[in-house]
Amino acid sequence: MKAIRRFTVRTVLPPSIAPLARLAGNLRWSWHRPTQQLFESLNPAAWQELHQDPVALLGSFTREQLQQLAADAELVRRVRELDADLDRYLGEDRWYQSLGADAPQSIAYFSPEYGISAVLPQYSGGLGILAGDHLKAASDLGVPLIGVGLLYAAGYFKQSLSRDAWQQETYPVLDPDGLPLTLLREEDGSPAQIMLPLPNGRKLQARIWRADVGRVPLLLLDSNVPGNDEAARAITDRLYGGGGDHRLQQELLLGMGGVKALRIYERLTGTPRPEVFHTNEGHAGFLGIERIQELMSSGLSWNEALAAGRANTVFTTHTPVPAGIDRFDVLQVAHFFRAGLAPDVPTEHVLALGEESYDGGDPTKFNMAVMGLRLAQRANGVAKLHGVVSRGMFSGLWPGFDTEEVPITSVTNGVHVPTWVDHRIAELAREKLGSESVEARHWEKVYEFADAEVWNLRRQLRSNLIDDVRRRLKASWKKRGAGDAELAWTASVLDPDVLTIGFARRVPTYKRLTLMLRDPARLKALLLHPERPIQLVIAGKSHPADEQGKRMIQDLVRFTDDPAVRHRIVFLPNYDIAMARTLFPGCDVWLNNPLRPLEACGTSGMKAAINGGLNLSVLDGWWDEMYDGDNGWAIPSASPAVSPEERDDIEAAALYDLLENHVAPRFYGSEQADAAGAAGPSEPSADPVPHQWIAMIKHTLATLGPAVSAERMVQDYVQQLYRPAAASGRVARAEHFKAARELAAWVARVRHFWPEVVVEHVDSLDVTDEPQIGDTVRINAYVRLEELTPEDVSVQAVHGQVTENDELAQISIRDLTLKEDLGDGRFLFSGGVTIDHSGSFGYTVRVLPRHQHLATEAELGLVTNAS
Ligand SMILES: *Cc1c(COP(=O)(O)O)cnc(C)c1O
């Protein structure tokens, strides 16, 4: 029989253990081991069966069981203790509270996905996990962040395999009442709702769920509400589902609905208004339009509202892959805005924000990343190399500037250590270091650990992974249609003493899941090496619409199905947070072989590193800046001149060589045996501990530990972006937006007259026939500013080395000073430049707009170079 109606009954707990509900409701338990242990102790078997989900666990108890628990004095004491601990965690001063009063009172963080815990599957991959780690680290640091996102009814899909290794997708629907969420309600108890008008008189309403991520509230909008028509209800059905209109409406809801939800939350809770808005990837960019709408409805002009909104907006771009950037048809965006989404904002202005107004841009497209950059005064990529790539990728928006000057900085991603470090490592750290937290800065003491102890722990972690692999593999084969009798072999796949290599990530083409299959015979030989075998654990989901990705998975799985190798190489379906938490710690080596430079940052290797895994990776993303020669291995990239086929051959060959000749010998201690042999005749080394390998592990933990931590990342965001953005925002808002109005008027005037600015003539004096280092070149620049004044501009001498095609390299900049008003809008600027290197030396002169409220000189994309 089918139920015609369903609802979830919330458990009512007896008073003595009532705080369990609060402990289950705040996701801090997901990175707080003592709270997890408390839940586990309530019923260990049910805890495992319910996938370590506290809300589900509490819901599974009968009234009698609850009465029994409530009568257990020891349990009641632990519940109280952990409840008090949570109180302390939520209330005490932390790092952020030591900052001055200029630190923003509140920061809004918008992201299309959040990977916080396996119980709240609202992510597809790296972007979501990163956002989850950002919130957790902000909580640990006491940063007053508020997260905003969407609640997807089915999250991302679950992956399984067909018999012939084709990816299958299912979308199990979540029941919000069974999740650690609270519905935001008006004072009268009715659900708080936001509303956006849609074309043809339709409307899109959403209610607001709140998740508590430690100290950080996360507001999730849900369009599955009674007042919506079917189509509107389905807008938050799944992550990145459907085609253009569906996706566009999700993003309108996230950005515009998200700001409306924040305003309701402020009103209901008295939370201070966010002073900074962080747009995590282009998808959330419409938040800027909603803020401009707010400002215009209070009387600001478009330009003024734009200036004020940009001042405290931070935009983070996450992909160097053009196909990874959201683009909509201009007409489609126009269609939605003409329905009155932002009634005070002229639609042409909205459209202009997303216009690809540069060489090679498509005039029919509305580009979300481009809008993100235009709506934020500060922008960044997510690793140093990604900063470089992003400056090149978006340089068309700043014509006339060298790419190095494109105003996109970088903050390298990090991972939330308490979430991703295995509890056994955390315990060892606690025991040895005597510190409460496993915070990264303590890791330097890891050098004091005994090698044998580290090695034993690594083996335990490897064994633990292997147990999980066997269980998952068997389950996967059953889904693929195999019977128990055929599956005895799964109980002995992988070997706890064999070098274990992990590879798990989404499966877009550039990540090259199947690079390892380039030479199948060579891979097979590595797997089956008589003394130094390797074993591989692989996982990853392909986007449902990506046939090529699915084919890669199929090729790989077919290879792993071969009885000759299947004990040494496995593919595990349904890569997710739960799998990842066992996988990262269990792998000795973490493999990553993307097509450089298409990996923006990558974070899985960081999670491996904090568990004592060594990275073997192409020098892309974070590894490009953090590989130091002793913390792992770099797979060399082929020259860009070769064909894609050759490139894959070359890079795969380099990978095999590294594995065979460097990685495996070090793991198996063959190097130290050789060294012992060289010292004189002796038994083959009886020491089972590969000391050089352990030395690399210790070095990795000690040096990468602090560098890859999400606390480091969030501190960087606070110091480099949030504080400056809050300062700009305060200036812009003061005295009824006086500065924003002035800046807007100034920008309009400068843009208007800029085409008339000319460097008419440049003289250089004092250059002898044989210039030497230390000589000064005096420069006189005659500049025509017409209606602009010398205060509106900087006139600069830019000098450096000159390349063969007359480009300046390694430039230095010197401001020239106003010497004389020559009348008629003409001025003489001059200054001296010191020759600071031998060889070719050159300089040029340029004029830039200058205003105290610009964040960088390139901000307006205006420059006049001497010609
Ligand atoms: C860390 C993580 C990712 C992101 O890994 P990348 O290295 O950035 O590709 C994706 N999925 C899960 C489950 C993760 O834990």
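Residues numbered from 1 in each chain as written. Predicted model: local features only at pLDDT ≥ 70, side-chain atom pairs only at ≥ 80, totals over all residues. Heavy atoms only, no water.

- Per an unreviewed UniProt entry, the protein chain goes by Alpha-glucan family phosphorylase and derives from Arthrobacter hankyongi.
- Per UniProt, the protein chain has the following entry under Catalytic activity (unreviewed entry): "[(1->4)-alpha-D-glucosyl](n) + phosphate = [(1->4)-alpha-D-glucosyl](n-1) + alpha-D-glucose 1-phosphate".
- Under the Sequence similarities (unreviewed entry) heading, UniProt states for the protein chain: "Belongs to the glycogen phosphorylase family." (UniProt positions renumbered as here; feature names shortened; annotations may be inferred.)

### What to know about the sheet that holds strand β23 (residues 758-765)
- Taken in spatial order, the four strands of this open sheet run β23-β24-β28-β27, and their pairing is antiparallel. Each edge of the sheet is formed by a strand with only one pairing partner; in this case those strands are β23 and β27 (817-823). When strand polarity is set aside, the average angle formed by the axes of neighbouring strands in this sheet is 20 degrees.
- Here strand β24 (residues 776-784) pairs with strand β28 (residues 826-834) via nine bridges, running antiparallel. When the bridges of β28 are listed, R778 appears paired with G832. (Pairing = 2+ DSSP bridges. Helix = DSSP H or I, 4+ residues; strand = E, 2+ residues; numbered from the N terminus. Axes fitted to C-alpha atoms, helices over the stretch in contact; angles between N-to-C directions.)

### Some thoughts on the pattern of salt bridges
- Here the structure, examined in full by the defined rule, presents 56 salt bridges.
- Measuring nitrogen to oxygen at the nearest pair gives 2.8 Å for the salt bridge that ties D561 to R480. With D561 in the loop between α20 (547-560) and β19 (569-572) and R480 in the loop between α18 (451-479) and β17 (499-504), this residue pair connects regions lying 81 residues apart in the sequence.
- Here R480 falls in the buried class, since its relative accessible area comes to 5%.
- Of the charged contacts in the structure, one is a salt bridge between R512 and D648, with a shortest N-O distance of 2.6 Å. Here R512, found in the loop between β17 and α19 (520-527), pairs with D648, found in helix α24 (residues 644-667); they are 136 residues apart in sequence, far enough to count as distant. (Salt bridge = Lys/Arg side-chain N within 4 Å of Asp/Glu carboxyl O. Buried < 20%, exposed > 50% of the residue type's maximum accessible area, 1.4 Å probe, protein only.)

### Concerning the domain arrangement of the protein chain
- Here the protein chain is partitioned into domain 1 (15-90), domain 2 (102-159 + 166-414 + 722-729), domain 3 (447-679 + 687-708) and domain 4 (757-865).
- Placing the centre of domain 2 and that of domain 3 at their C-alpha centroids yields a distance of 35 Å.
- With 30 residues of domain 2 at the interface, the matching set in domain 3 holds 37 residues.
- Here domain 2 meets domain 3 over a buried area of about 2,500 Å², counting both sides, of which 62% is carbon and sulfur. (Domains from an automatic or database assignment. Contact = heavy atoms within 4.5 Å. Buried area = accessible area lost by both parts, 1.4 Å probe.)

### Some remarks on the site of the ligand
- Within the structure, the ligand sits among 15 residues, and K511, Y575, T603, S604 and K607 are positioned closest to it.
- Within the side chain of K511, one N or O atom sits 2.8 Å away from an oxygen atom of the ligand.
- Alone, the ligand offers 390 Å² of accessible surface; in the complex the protein occludes 95% of this.
- No other element matches helix α21 (residues 577-586), which puts three residues into the shell around the ligand.
- The residue makeup of the shell around the ligand, split by class, is six nonpolar, five polar and four charged.
- Both of domain 2 (102-159 + 166-414 + 722-729) and domain 3 (447-679 + 687-708) provide at least three residues apiece to the shell around the ligand. (Near = heavy atom within 4 Å. Polar contact = N/O pair within 3.5 Å; in protein donor to acceptor, adjacent residues only side chain to side chain. Areas by Shrake-Rupley, 256 points an atom, 1.4 Å probe, with all protein chains shown as cover. Nonpolar A, V, L, I, M, F, W, Y, C, P; charged D, E, K, R; others polar.)

### Remarks on the pairing of strand β10 (residues 216-222)
- Of all seven residues that make up β10, seven are buried, and the element is covered over most of its length.
- Bridge count for strand β4 (residues 145-150) against β10 is four bridges, and the pairing is parallel. Across the sheet, L150 pairs through a bridge with L221, a residue of β10.
- The pairing of strand β9 (residues 203-213) with β10 spans seven bridges and is classified as antiparallel. Note on β10: the bridge partner recorded for R207 is D222.
- Where β9 folds back on β10, the antiparallel hairpin that results is connected by two residues, among which G214 adopts a positive phi of roughly 60 degrees.

### Section: the state of the cysteines
- Tallying each qualifying case throughout the model produces zero disulfides.
- C587 carries a free sulfur, and the closest cysteine sulfur to it, the one in C601, is 19 Å from it.
- Accessibility expressed as a relative area gives 0% for C587, which makes it buried.
- Here C601 falls in the buried class, since its relative accessible area comes to 2%. (Disulfide = S-S within 2.5 Å.)

### Section: the packing of aromatic side chains
- The full count for this structure, using the stated rule, is 18 aromatic pairs.
- Measuring from ring centre to ring centre gives 5.3 Å for W623 and Y627, while their planes differ by 50 degrees; the resulting arrangement is tilted.
- The class for W623 is buried, based on a relative accessible area of 0%.
- Ring plane angle 40 degrees and centroid distance 5.6 Å describe the contact between W633 and W693, whose orientation is recorded as tilted. In this pair, W633 is assigned in strand β22 (residues 632-635) and W693 in helix α26 (residues 691-707), connecting sequence segments 60 residues apart. (Phe/Tyr/Trp six-rings, centres within 6.5 Å; stacked < 30°, edge-to-face > 60°.)

### Side note on helix α15 (residues 384-393)
- The set of residues buried in α15 consists of L385, H386, G387, V389, S390 and R391.
- On its buried side, α15 packs onto β15 (378-381), β16 (409-410) and α23 (621-626).

### Things to note about the packing of α18 against α21
- Viewed as axis vectors pointing N to C, α18 and α21 meet at an angle of 140 degrees, and their least axial separation amounts to 7 Å. Taken as axis vectors, α18 and α21 run oblique relative to one another. The interaxial crossing formed by α18 with α21 has left-handed handedness. Within the contact between the two elements, α18 uses R458, L461, R462, N464, L465, D468 and R472 and α21 uses A578, M579, T582, L583, P585 and G586.
- For the contact of α18 with α21, a count of residues per class yields six nonpolar, three polar and four charged. (Parallel < 35°, antiparallel > 145°, perpendicular 65-115°, else oblique. Left-handed = near helix turned anticlockwise from the far one by under 90°.)

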